[in-house]
Amino acid sequence: LLDDDTNDKGADRLALADQVDTDELLGVGLLTVDGQATELSDLLADKPLVVNLWAQNCVPCVDEMPLLEQARAANPDLDFLGVDTQDPNLDRAKRLVTQTGITYPWVRDPDGNFFFAARAAGLPTTFLITPDGEIVASRTKAFSSLSELQGWIDRSRP
């Protein structure tokens, strides 16, 4: 997916729409932390959703998680969701969530099906999705500061 570091939102939307089958992405099977089946379409609400794909063995992912929590607190008009992808150890993932202080919900993508449907090129990957399931921005690279993350949100906000 394209890195949305430009101010040309129209071009990014067109490129994303060409690369990701959003219907497929919304229907990919995920697991809640408690092991219940769910999918992204079940998790969309009336606010735009920031979706962050991470793995416990991805150092940039771990470093960025507290920034995402700070952005969640600063943007009450957005929902946030973590997607732990291809992690074999749920207990370690739970400990990581506690250590990084994230309070937003997260789900599991144990086989990487969501990662692959998202056409993610690496980790971490972050999306901004409208309440009706349209991907309006993506980024495959860790945010290095809260101001960088907030700038991406502000440029991408639907």
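Note that the structure is predicted; figures quoted are calculated from it, not measured.

Visitor: Any chance you could explain the overall build of the protein chain here in plain terms?
Guide: A tally of helices and strands in the protein chain yields 7 helices and 7 strands. Tracing the protein chain from N to C terminus, the helices and strands come up as α-α-β-β-α-β-α-β-α-β-α-β-β-α. Counting across all 158 residues of the protein chain, residues that qualify as buried make up 48%. Contacts in the protein chain between residues far apart in sequence, at least 24 positions, make up 70% of those at least 6 positions apart.

Visitor: What am I meant to see in helix α4 (residues 59-74) here?
Guide: Helical periodicity: at 3.6 residues per turn, an α-helix aligns residues three or four positions apart in one direction. Counted at 1.5 Å a residue, the expected span for α4 with its 16 residues is 22 Å, and the 24 Å between its end C-alpha atoms agrees. The sharpest bend along α4 comes to roughly 30°, located at methionine 65, with the proline proline 66 sitting one to four residues further on. Those residues of α4 that sit buried are Cys61, Glu64, Met65, Leu67, Leu68, Glu69 and Ala71. Those residues of α4 hidden inside the fold are in contact with β3 (49-54), β4 (79-85), α5 (90-100), β6 (125-129) and α7 (146-156).

Visitor: Just to check I follow, could you spell out the side chain of threonine 85 for this structure?
Guide: Within the element layout of this structure, threonine 85 appears in strand β4. Residues within four places of threonine 85 in sequence aside, it is in contact with Trp54, Ala55, Asp109, Gly112, Phe115 and Leu123.

Visitor: What am I meant to see in the pattern of salt bridges here?
Guide: Here the structure, examined in full by the defined rule, presents 5 salt bridges. We note a salt bridge from glutamate 69 to arginine 72, for which the minimum N-O separation is 2.7 Å. Of the two residues, glutamate 69 and arginine 72 both sit in helix α4, 3 residues apart, roughly one turn of that helix. Judged by its relative accessible area of 11%, glutamate 69 is buried. For arginine 157, the salt bridge identified is with aspartate 77, shortest N-O distance 2.3 Å. Of this pair, arginine 157 sits in the segment after α7 while aspartate 77 is found in the loop between α4 and β4, placing the two residues 80 residues apart along the sequence. Look at aspartate 77 and you get partly exposed, because its relative accessible area is 37%. Through salt bridges with shared partners, one network takes in Asp77, Asp154 and Arg157.

About the cut-offs
- Residues numbered from 1 in each chain as written.
- Predicted model: local features only at pLDDT ≥ 70, side-chain atom pairs only at ≥ 80, totals over all residues.
- Heavy atoms only, no water.
- Helix = DSSP H or I, 4+ residues; strand = E, 2+ residues; numbered from the N terminus.
- Buried < 20%, exposed > 50% of the residue type's maximum accessible area, 1.4 Å probe, protein only.
- Contact = heavy atoms within 4.5 Å.
- Expected span 1.5 Å × (residues − 1).
- Bend = angle between axes of the 7 residues up to and from the residue.
- Salt bridge = Lys/Arg side-chain N within 4 Å of Asp/Glu carboxyl O.

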